[in-house]
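Below are the chains, spelled out letter by letter.
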Amino acid sequence: MKAIRRFTVRPVLPEPLRPLSDLARNLRWSWHAETRELFQTVDPECWAASGQDPVRLLGSVSPGRLAELAEDRRFLRRLAAAAADLGDYVSGGRWYQEQPGELPAAVAYFSPEFGITAALPQYSGGLGILAGDHLKAASDLGVPLIGVGLLYRHGYFRQSLSRDGWQQEHYPVLDPNELPLALLEEPDGSPTRISLALPGGRSLHARVWLAQVGRVPLLMLDSDVEENGLGERGVTDRLYGGGSEHRLLQEMLLGIGGVRAVRTYCRLTGHPEPEVFHTNEGHAGFLGLERIAELAAGGMDFDSALEAVRAGTVFTTHTPVAAGIDRFDRELVAHHFGPDAELPGIDVERILQLGMETYPGGEPNLFNMAVMGLRLGQRANGVSLLHGNVSREMFSGLWPGFDPDEVPITSVTNGVHAPTWVAPEVFRLGARQIGAQRTEDAMTVGGSDRWDAVGDIPDQDIWELRRNLREQLVTEVRDRLRTSWRQRGAGTAELGWIDGVLDPDVLTIGFARRVPSYKRLTLMLRDRDRLMDLLLHPERPLQIVVAGKAHPADDGGKRLVQELVRFADDPRVRHRIVFLPDYGMAMAQKLYPGCDIWLNNPLRPLEACGTSGMKAALNGCLNLSVLDGWWDEWFQPDFGWAIPTADGTGTEPDHRDDIEAAALYDLLEQRVTPRFYERGQDGLPDRWIEMVRQTLTHLGPKVLAGRMVREYVERLYTPAAHAHRAMTPDAALELAGWKARVRSAWHGVTVDHVETSAATPTAELGSTLSLRVRVGLGELGPDDVEVQAVSGRVDAEDRIADASTVPLKPTGNPDAEGRWVYEGPLALDRTGPYGYTVRILPAHRLLASGAELGLVAVPSEETGEGAGVLMR
């Protein structure tokens, strides 16, 4: 019979065991090995059955076992030590507390998904795992971060396969009371409520759940409350589900409701108010509107409030393709704001202007969440060096007149949280070498360029570690494959062959990620005969473990999954290639360490960063990848391979896939497999082991989330906090007024005449020229602008590359025509074709970049003639 109502019965722990509850409710256990080992000793069978989830474990242990543990002095000593260690971790000083200067009092970090642990399934892929790693690394470093997200009642879907290999989706209901969460409550014990106004006098209510991620609180808004109507209750039903209005409401709840949740949390707990708001992708962009509304309610006008909000906002873009950005119909957005809906105090037209694609090629009737994020954030970044370049090109229309490399979008390359992703065996090997504390510090705080201690680990130890991890993966794969085939309808008698799947002594390749078409799940199948030869080679075979989910609405992605599954079902190769359904964190934590090669073959440059290869590298797995995302930045032949690409604009897609697949097969045949199987004098693959050593030595410290978060603190959060403090109400009013004045007067700014001391079209390296420029400033004055000389090498069309800029100085008062004369030196610091130009930019002490307003004045062709190229 089916129950008509469900509720959770919590265990009553004996008094001596009460600290177990605190340990279970702080998600630090998900990356702290000693705490997990403590929970395992509570009841090893229940621990395994619970999926290594302490909350479920404590709900399933028998009262008799709890009573026994309450009398077990050895266990109680371990429990006391674990509780004391957690107390020291959450309250003691860490890296952040030791930094000089005035760092932000707090940072609010908004993301639509967070991958903290498999026990809290609120993620779909890389964006969520990255956000989870960001929170964990911030906790390890002591950064006072507050995470903000949504609690999805069905999370992301669970994946299984039909008999013919078609992806099936399942949405199990999650009960928050069975998750490692606590309700945020008012002092009287009632649940905190966050409300948004909807059109037609309706409201969207949400309660706030708190997940404690080490030192970092993660606030998760949940609309499944009784006060809501059926439609509103379903707003937080599924991650990335529903139509446009559903997504819009999710993003309004995340951004607007999220700010209200942060304010409530700080009021209730005394946590410092955030000085910096970090918008992780455009989904959370509405947070800026709520902050503008807060300031407007205090008497600020819209333009001043906009400047105040921008100063303390950081925006991170994660997509290199326009299709990856949420865009809404203009009328849909207008319907949900204004007098009869949310933020009634803000003119709807001003809201719409923030997201409009007002640039060449933009669609005027679409509201672009990334565009709004960039307009509401004074600081913005991509997530790898290459992605920063792609983002500057992609969004350059917002800064007309500037070369893409001057678009004010920087990059902070992603990192991964080593304690989460490094196998315990790898950690123990490091601890044996340099001690447990130094190993933990190296993996969390980082700071060094190299892990030189890896050089002292004997070859034999490295090779035994790699084989041990491969053997564990083989066991894991067989278990998961058996489960998958049972779900596909196979009987036990059909599955005897699974005992022979994979071999712990065969070169193992991993490929696991989401399955959009650009990641090319099936590129490896391009020449099936050649792939079969590689899999079944008599002396140098290889085996491949594949996993990945296609979006439920992406039938093209599902067809790719089915194609791969059908190949892997072939009895000739099914012992050498497997597809594992339901890719998630629990699978990934076994998969990355157990593989020898991590394969990545996206269409370049469509991979923004791609962190799975980083997690693999931290376990001594070598990368075999297209030069995209982070691999483009850090690849060296000492520790991996680069798959050549055919990404010229004239290459037809099918032909490109043929070329790049052939290059992949060539690498595997000629370079990768021979190196794995060749043996040195001691019987070990010494050249392979050296590549593993180089991977750990050089990539280890680079790929850390600790390094990433330190960069955010130093390069983005701290400057944003300083800008926020400088942006007092008076300063914001001044800056807003100044910007309005400059925009209205910019048509009168001109470069009228340029002359130089150069008498000939050639000059010597190291010489200095004098520039003299006559400019018109119209209604503006020298304090409103900066006149710059821009110089550098030039190409055949006289375009300046690798430009350097030098400010010029006004020589006195304006002449009789109101024109100003500026002068300055121009140093010739490089040989070859060289050129310069002059430009005028707006200048104000509160601007983060000269390009911020998107205004620039340059010489006309007539003005610049004869004063351009100096040396040929």
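Residues numbered from 1 in each chain as written. Predicted model: local features only at pLDDT ≥ 70, side-chain atom pairs only at ≥ 80, totals over all residues. Heavy atoms only, no water.

Asker: Where do I start with the overall build of the chain in this structure?
Answerer: Counting its regular elements, the chain contains 29 helices and 30 strands. The C-alpha radius of gyration computed for the chain amounts to 29 Å, which stays within 12% of the reference 29 Å derived for 872 residues, consistent with globular compactness. In terms of its C-alpha atoms, the chain occupies a principal-axis envelope of roughly 95 × 70 × 50 Å. Within the chain, buried positions represent 57% of all 872 residues. Pairs at least 24 residues apart make up 73% of the contacts formed inside the chain by residues separated by at least 6 positions. Averaging the locations of the 91 positively and 120 negatively charged side chains of the chain gives two centres separated by 5 Å. (Helix = DSSP H or I, 4+ residues; strand = E, 2+ residues; numbered from the N terminus. Rg over C-alpha atoms; globule rule 2.2 N^0.38 Å. Buried < 20%, exposed > 50% of the residue type's maximum accessible area, 1.4 Å probe, protein only. Contact = heavy atoms within 4.5 Å. Lys, Arg positive; Asp, Glu negative; His and termini not counted. Charge placed at Lys NZ, Arg CZ, Asp CG, Glu CD.)

Asker: Explanation requested: the sheet that holds strand β24 (residues 768-776) in the structure shown.
Answerer: Two strands in a sheet stick together by hydrogen bonds in their backbones, pointing the same way (parallel) or opposite ways (antiparallel). The antiparallel open sheet is built from four strands, whose spatial order is β23-β24-β28-β27. Since the sheet does not close on itself, it has two edges, and those belong to β23 (750-756) and β27 (809-810), each with one partner. Note: β27 against strand β28 (residues 819-827), two bridges, orientation antiparallel. Bridge pairing links Lys809 to Glu823 in β28. (Pairing = 2+ DSSP bridges.)

Asker: Can you help me understand the environment of Leu525 in this one?
Answerer: Inspection of the secondary structure puts Leu525 in the loop between β17 (507-512) and α20 (528-535). Here Leu525 falls in the buried class, since its relative accessible area comes to 4%. When the C-alpha atoms of Leu525 and Leu145 are compared, they prove to be 44 Å apart, with 380 residues separating the residues in sequence. The contacts of Leu525, once residues within four sequence positions are left out, are Leu531, Glu563, Leu564, Phe567 and Tyr665.

Asker: Would you mind showing me how to read a negative patch on the surface here?
Answerer: On the surface, Glu393, Asp403, Asp405 and Asp802 cluster together to form a negatively charged patch. With respect to the helices and strands, the residue Glu393 is situated in helix α15 (residues 385-394). (Patch = residues over 30% accessible without salt bridge, like charges linked within 9 Å, V, L, I, M, F, W, Y side chains within 5 Å. Areas by Shrake-Rupley, 256 points an atom, 1.4 Å probe, with all protein chains shown as cover. Salt bridge = Lys/Arg side-chain N within 4 Å of Asp/Glu carboxyl O.)

Asker: Could you clarify how one ought to interpret the pattern of salt bridges in this entry?
Answerer: Between side chains of opposite charge, a pair can form as their charged atoms come close. On inspection of all chains with the given rule, the structure shows 67 salt bridges. In this structure, Glu425 and Arg428 form a salt bridge, with 3.9 Å as the shortest nitrogen-oxygen distance. Here Glu425 and its partner Arg428 are both found in helix α17 (residues 424-434), three residues apart, which amounts to about one turn of the helix. In this structure Glu425 comes out as buried when scored by relative accessible area, which is 17%. The salt bridge involving Asp666 is made with Arg530; its shortest N-O contact spans 2.3 Å. With a gap of 136 residues between them, Asp666 in helix α25 (residues 653-677) and Arg530 in helix α20 connect regions that are remote in the sequence. For Asp666, a relative accessible area of 30% translates into the label partly exposed. Linked through salt bridges whose partners overlap, the residues forming this network are Arg520, Arg526, Asp654, Arg656, Asp657, Asp658 and Glu660.

Asker: How do you make sense of a positive patch on the surface when you look at a structure like this?
Answerer: The grouping of Arg73, Arg74, Arg77 and Arg78 at the surface amounts to a positive patch. Topologically, Arg73 is positioned in helix α6 (residues 73-91). Owing to a relative accessible area of 68%, Arg73 belongs among the exposed residues under this scheme.

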